[in-house]
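# Notes for the structure review
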Amino acid sequence: MCVTCGCGPDAVTISGPNGEAHHDPAHGHDHSHGHDHGHSHAHGDHGHGHHHHDDHHHGHDEPQPVRSHAPGLEARRLVEIEQNILAKNDGFADTNRARLSTLGVFALNLLAGPGAGKTTLLVETLKALKDKIPAAVIEGDQQTSNDAERIRAVGAPAVQINTGKGCHLDAHMVGHALERLPLEAGGVLFIENVGNLVCPAAFDLGEDKRVTLLSVTEGEDKPLKYPDIFEGAHLVLLTKADLVPHLEVDVDLIIANVRRINPHAKVLTLSSRSGDGMRAWLSWLEDVRAEKLEALAEAAAARAAALRGAARRAAE
């Protein structure tokens, strides 16, 4: 978990659709994730190594004292910190989800390790959706706006979040990005998370569905080594399928391992470069988007009926 992963206190930078930069130095103070917990707790509440030594000035020849508390207490404290971080993040995620639902926007959280092909898939997807479904993108990276620039080059609005030393996006960052991103009713929001197979899995961003990408070059056992990021996925995309003839890789075994972790996830194999499998991916996207829009319409109709009923009862 991110309490001990090394997320740094760097200020988050969010660049708007036109590339203008907005710094958010207060991110850690307002949200308490990452930049607030990563170092203050690591070196204060549970990382006693440095401060314990300095406070007591032990010499090299002096015996080191036994810790004054049991390791179990420290472990419980870490669990409490993690729970507090995730609870606060979930509150921001709920706000994001409500905002997106009000706008009638369908949101996808794209998760993968570095180099799995998230941005390439997005570029080809946006080309296919152009003039059919409005789309916007939030890009997450530790540094650079390279990916957002690639997205803007195909005509879609994109906001870049640079997390500094942070290893994933959180709901608070995404909420700020939403304020700077033009969103059209009935459209799709793609959130490309920071390339990381561990920490992004724990943080709800307010998305409707999670899509985990795994390149066929990464090996058959990745789902078993990094189960959390596959366990929460609604769809798993095996990317770079055009390379399979050149690799010693067992695609069936990859799929079997995904299903060992998550038997409910749909698994598709595709190549963004050759186009193989893209139709199935786009069909899945259109289906789940239509499901959300239908659910929103039904909820709106139910609210309207309830209001009419209340008005009749008041009139009587």
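Residues numbered from 1 in each chain as written. Predicted model: local features only at pLDDT ≥ 70, side-chain atom pairs only at ≥ 80, totals over all residues. Heavy atoms only, no water.

For the rest of this paragraph, the subject is the overall build of the chain. Each helix and strand counted, the chain has 11 helices and 9 strands in total. When the 316 residues of the chain are sorted by exposure, 46% land in the buried category. Long-range pairs, those at least 24 residues apart, make up 74% of the contacts in the chain between residues at least 6 apart in sequence. With an accessible surface of roughly 15,500 Å², the chain has 51% of that area assigned to carbon and sulfur atoms. (Helix = DSSP H or I, 4+ residues; strand = E, 2+ residues; numbered from the N terminus. Buried < 20%, exposed > 50% of the residue type's maximum accessible area, 1.4 Å probe, protein only. Contact = heavy atoms within 4.5 Å. Areas by Shrake-Rupley, 256 points an atom, 1.4 Å probe, with all protein chains shown as cover.)

Take helix 11 (residues 278–315) next. If you check helix 11, its first and last C-alpha atoms are 56 Å apart, about what 38 residues at 1.5 Å a residue would give, namely 56 Å. Inspection of helix 11 places Met278, Trp281, Leu282, Trp284, Leu285, Val288, Arg289, Lys292 and Gly309 among the buried residues, and these make up the whole buried set. (Expected span 1.5 Å × (residues − 1).)

As a further point, take the side chain of Glu139. Mapped onto the secondary structure, Glu139 falls in strand 4 (residues 135–141). Lys118 provides the closest opposite charge to the buried, salt-bridge-free Glu139, at an N-O distance of 7.2 Å. The contacts of Glu139, once residues within four sequence positions are left out, are Thr119, Leu122, Asp147, Ala148, Ile151, Val159, Gln160, Ile161 and Glu192. (Lys, Arg positive; Asp, Glu negative; His and termini not counted. Salt bridge = Lys/Arg side-chain N within 4 Å of Asp/Glu carboxyl O.)

Let us now look at unusual backbone geometry. Phi at Asp131 is positive, roughly 70 degrees, even though this residue is not glycine. Counting through the fold element by element, Asp131 comes out in the loop between helix 5 (118–129) and strand 4. Of note, Thr144 is a non-glycine position whose phi angle comes to about 75 degrees, a positive value. Among the secondary structure elements, Thr144 is positioned in the loop between strand 4 and helix 6 (146–153).

A separate point is the pairing of strand 1 (residues 12–15). A two-sided burial pattern is seen for strand 1, the buried positions comprising Val12 and Ile14 on one face and Thr13 and Ser15 on the other. Bridge count for strand 1 against strand 5 (residues 158–162) is 3 bridges, and the pairing is antiparallel. Its bridge partner lying in strand 5, Ile14 is registered against Ile161. (Pairing = 2+ DSSP bridges.)

Our focus in this paragraph is the nonpolar core. Nonpolar side chains in soluble globular proteins tend to end up buried together. Judged by nonpolar contacts, the single largest core of 32 residues is most densely connected at Leu108, Phe190, Val211, Leu237, Trp281 and Leu285. Look past the residues within four positions of Leu108 in its chain and what remains in contact with it is Leu189, Phe190, Ile191, Glu207, Lys209, Val211, Trp281, Trp284 and Leu285. Counting 19 residues, the second largest nonpolar core, distinct from the first, contains Ile14, Leu169, Met173 and Leu205. (Core = buried A, V, L, I, M, F, W, Y, C linked by side-chain atoms within 4.5 Å.)

This next bit is on the environment of Arg180. Relative to the helices and strands, Arg180 resides in the loop between helix 7 (171–179) and strand 6 (188–192). C-alpha of Arg180 to C-alpha of Ser15: the two residues are 165 residues apart in sequence and 8.5 Å apart in space. Not counting the four nearest positions on each side in its chain, Arg180 is found in contact with Ile14, Pro17, His22 and Val159.

Right, let's talk about the environment of Arg97 for a bit. Tracing the sequence through the fold places Arg97 in helix 4 (residues 71–103). In this view, Arg97 contacts Asp204, Gly206 and Glu207; residues no more than four positions away in its chain are not counted. A polar atom in the side chain of Arg97 sits 3.4 Å from the backbone oxygen of Glu207. (Polar contact = N/O pair within 3.5 Å; in protein donor to acceptor, adjacent residues only side chain to side chain.)

The next subject is the packing of helix 5 against helix 11. It is the contact of helix 5 with helix 11, at a shortest axis distance of 11 Å, that shows an interaxial angle of 70 degrees. Accordingly, the angle class assigned to the pair helix 5 and helix 11 is roughly perpendicular. Classified by chirality, the crossing of helix 11 by helix 5 is right-handed. Here Leu121, Glu124, Thr125, Ala128 and Leu129 of helix 5 come into contact with helix 11, specifically with Met278, Trp281, Leu282 and Leu285. A breakdown of the residues in the contact of helix 5 with helix 11 according to their chemical character gives 7 nonpolar, 1 polar and 1 charged. (Axes fitted to C-alpha atoms, helices over the stretch in contact; angles between N-to-C directions. Parallel < 35°, antiparallel > 145°, perpendicular 65-115°, else oblique. Left-handed = near helix turned anticlockwise from the far one by under 90°. Nonpolar A, V, L, I, M, F, W, Y, C, P; charged D, E, K, R; others polar.)

Our next topic: the confidence of the model for the chain. Chain-level pLDDT for the chain is 85 on average; 81% of the residues reach the 70-or-more range. For the stretch residues 28–69, pLDDT sits under 50, and the model shows 66 contacts to residues farther than four places along the chain or on other chains. (pLDDT = per-residue confidence, 0-100.)

It is worth spelling out the pattern of salt bridges at this point. Enumeration according to the criterion identifies 7 salt bridges in this entry. Residues Glu192 and Lys118 are paired through a salt bridge, measuring 3.9 Å at the closest nitrogen-oxygen approach. A residue pair is termed long-range when its members are at least 10 positions apart, and Glu192 in strand 6 and Lys118 in helix 5 qualify at 74 residues. Side by side, Glu192 and Lys118 carry an identical accessibility label, which is buried. Notably, a salt bridge pairs Lys292 with Asp208, separated by 2.9 Å at the nearest N-O pair.

Another point: the packing of helix 5 against helix 6. At their nearest, the axes of helix 5 and helix 6 sit 9 Å apart, and the two run at 15 degrees to each other. Between helix 5 and helix 6, the crossing angle belongs to the class labelled roughly parallel. Seen along the crossing, helix 5 lies across helix 6 with a hand that is right-handed. Residues Thr119, Thr120, Leu122, Val123 and Leu126 of helix 5 form the contact with helix 6, whose participating residues are Asp147, Arg150 and Ile151.

Here helix 7 lies mainly inside the structure; 7 of its 9 residues are buried. Its side-chain oxygen 3.1 Å from the backbone nitrogen of His172, Asp170 forms the N-cap of helix 7.

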